[in-house]
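Spelled out, the chains give:
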Amino acid sequence: MTDDMATYRLVVSNPPQNGVDADEAARQLGLTPEQFRGKAAYSVPEVWFAHPDLERAADTARALLAAGCKVVVLSSDRLAEVPVRHRVRAFSFAEDGFVAHLDGSDIPVPYDYPVVAVFCRPREPAPDLAAAMARPRRSSGYLSYRDRILETAPATGMQDDTGTEAVPFLDLWLMHGAEPTRLTISQNAVSFAGLGRVQPRAASNMEALVGSCEDRFGQTRVDRRLVGMRLRFRGGGPRPAGSEHRRGFSFASPGLHALLAAVSPGFEAVSQPELSTRLAVLTRQPTA
């Protein structure tokens, strides 16, 4: 953590939410029951409450748990950490483990290794949203969060294949030691020859890869909560006509923008898939 960062305790949803007392949960978050039901139906982990005081966050988490919600408490500095992203060029399934083929090296992953796999396949954005996402963002004196991820990736000369937020990817997080190893398989930048039978459509091959990982690592270790995730518009100007008001700490909300900016300089530029992937992983191994 740098001197520019503030530490917050985050109460993060851990979907799915079932059997929740919407009236009580809504009261804890300053929402109406109808507004909370919309949040509870969202399948992607998101920040529901944030406060610099651990006890205040813990009290809110306890009240939400008592109302039947599934939440975890996380420290914001863990969310802002940027692990080295190893880009997987090809892969193979051996008898005893998965092998990620990188530029110039291989990383074997035994099937019994502690792994959390997150499959992110956003819903295709509407044409107007896609055009808005493609516009250059305002520059700043800090590296954007996306640039920081690229900066910490191995210097392979690889072209950035995650610049389009709608591109599906599978992240394998190898949980060992103080910092996990992150293997990223982008649908648009990997050879699917390791599947044995390659299909004409990249999306079909990606789905087959995820299914093969579930078969070998176990379904409980593959997180599909980011499949079908709706990408939210994030712009610097007025909201487009017909767009919904973003409450609390939902993505593209003023509250989340301010929170991320306070956590780390430039962190507010993090993409929605990247933030959601980090939250999905952290809800699998929560620590305040």
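Draft legend 1. Just the overall build of the chain, in detail. Looking only at helices and strands, the chain has nine helices and 11 strands in total. Residues classed as buried in the chain amount to 48% of the 288 residues present. Sequence separation of at least 24 residues holds for 71% of the intrachain contacts in the chain that already meet a minimum separation of 6. Element-wise, carbon and sulfur atoms account for 50% of the exposed surface of the chain, whose accessible area totals about 13,900 Å².

Draft legend 2. Highlighting the nonpolar core. Core analysis: the biggest nonpolar cluster contains 26 residues, and Phe98, Leu170 and Leu209 have the highest contact counts within it. Looking at this core, the elements that each hand over two or more residues are β5 (90-93), β6 (97-101), β7 (106-110), β8 (115-121), β9 (169-174), β10 (181-186) and α7 (202-217). No other element matches α7, which puts five residues into this core. Among the nonpolar cores identified, the runner-up in size contains 19 residues, and Leu74, Ala80, Phe249 and Leu279 belong to it.

Draft legend 3. Examining helix α2 (residues 33-40) more closely. Every buried residue of α2 is accounted for by Phe36, Lys39 and Ala40. End-on, the buried residues of α2 take up no more than an arc of 95°, which puts them together on one face. For α2, the secondary structure elements touched by its buried residues are α1 (22-29) and β2 (47-51).

Draft legend 4. Molecular detail of the packing of aromatic side chains. Counting across every chain of the model gives six aromatic pairs. Each ring, one from phenylalanine 36 and one from tryptophan 48, has its centre 5.3 Å from the other, and the planes form 70°; the classification is edge-to-face. Of this pair, phenylalanine 36 sits in helix α2 while tryptophan 48 sits in strand β2; the two residues are 12 residues apart in sequence, bridging distant segments of the chain. Here phenylalanine 36 falls in the buried class, since its relative accessible area comes to 1%. Classification of tryptophan 48 by relative accessible area gives buried; the value is 5%. Seen in terms of ring centroids, tyrosine 111 and phenylalanine 217 are 5.4 Å apart; in terms of plane orientation they differ by 75°. Their pairing is edge-to-face. Within this pair, whereas tyrosine 111 is found in the loop between β7 and β8, its partner phenylalanine 217 is found in helix α7, the two being separated by 106 residues in sequence. Given the relative accessible area of 13%, tyrosine 111 is considered buried. One aromatic cluster is present, formed by Phe91, Phe93, Phe98 and Phe192 through successive ring pairs. The ring of phenylalanine 93 has arginine 216 sitting right over it, with the charged end atom 4.2 Å from the ring centre.

Draft legend 5. Examining the sheet that holds β6 more closely. One open sheet accounts for three strands, arranged β5-β6-β7; its pairing is antiparallel. Edge positions in the sheet fall to β5 and β7, since each has one partner strand and no second. Pairwise comparison of adjacent strand axes, ignoring direction, gives a mean angle of 15° for this sheet. Here β5 pairs with β6 via four bridges, running antiparallel. Residue alanine 90 lies in a different strand from β6, and its bridge partner there is histidine 101.

Draft legend 6. Highlighting the pattern of salt bridges. Counted under the stated rule, the structure contains 14 salt bridges. Arginine 121 serves as the salt-bridge partner of glutamate 207, at 2.9 Å between the closest nitrogen and oxygen. Taken together, the positions of glutamate 207 in helix α7 and arginine 121 in strand β8 put the pair 86 residues apart, joining distant regions of the chain. A residue is classified by how much of its surface remains accessible, and glutamate 207, at 28% relative accessible area, is partly exposed. If you follow the salt bridges from partner to partner, you end up with Arg85, Asp171, Arg182 and Glu274 in one network.

Draft legend 7. Here's a closer look at helix α3 (residues 54-66). For α3, with 13 residues, the first-to-last C-alpha span of 18 Å sits near the 18 Å given by 1.5 Å per residue. What α3 keeps buried is the set Ala57, Ala58, Thr60, Ala61, Ala63 and Leu64. Residues of α3 that are buried sit in contact with β1 (9-13), α1, β2 and β3 (71-75). The opening residue of α3 is aspartate 53, an N-cap whose side-chain oxygen sits 3.4 Å from the backbone nitrogen of glutamate 55. A positive backbone phi angle near 95° is found at glycine 68, which sits one or two residues after α3.

Rules behind the numbers
- Residues numbered from 1 in each chain as written.
- Predicted model: local features only at pLDDT ≥ 70, side-chain atom pairs only at ≥ 80, totals over all residues.
- Heavy atoms only, no water.
- Helix = DSSP H or I, 4+ residues; strand = E, 2+ residues; numbered from the N terminus.
- Buried < 20%, exposed > 50% of the residue type's maximum accessible area, 1.4 Å probe, protein only.
- Contact = heavy atoms within 4.5 Å.
- Areas by Shrake-Rupley, 256 points an atom, 1.4 Å probe, with all protein chains shown as cover.
- Core = buried A, V, L, I, M, F, W, Y, C linked by side-chain atoms within 4.5 Å.
- Arc of directions from axis to C-beta.
- Phe/Tyr/Trp six-rings, centres within 6.5 Å; stacked < 30°, edge-to-face > 60°.
- Lys NZ or Arg CZ within 6 Å of the ring centre and 35° of its normal.
- Pairing = 2+ DSSP bridges.
- Axes fitted to C-alpha atoms, helices over the stretch in contact; angles between N-to-C directions.
- Salt bridge = Lys/Arg side-chain N within 4 Å of Asp/Glu carboxyl O.
- Expected span 1.5 Å × (residues − 1).
- Polar contact = N/O pair within 3.5 Å; in protein donor to acceptor, adjacent residues only side chain to side chain.

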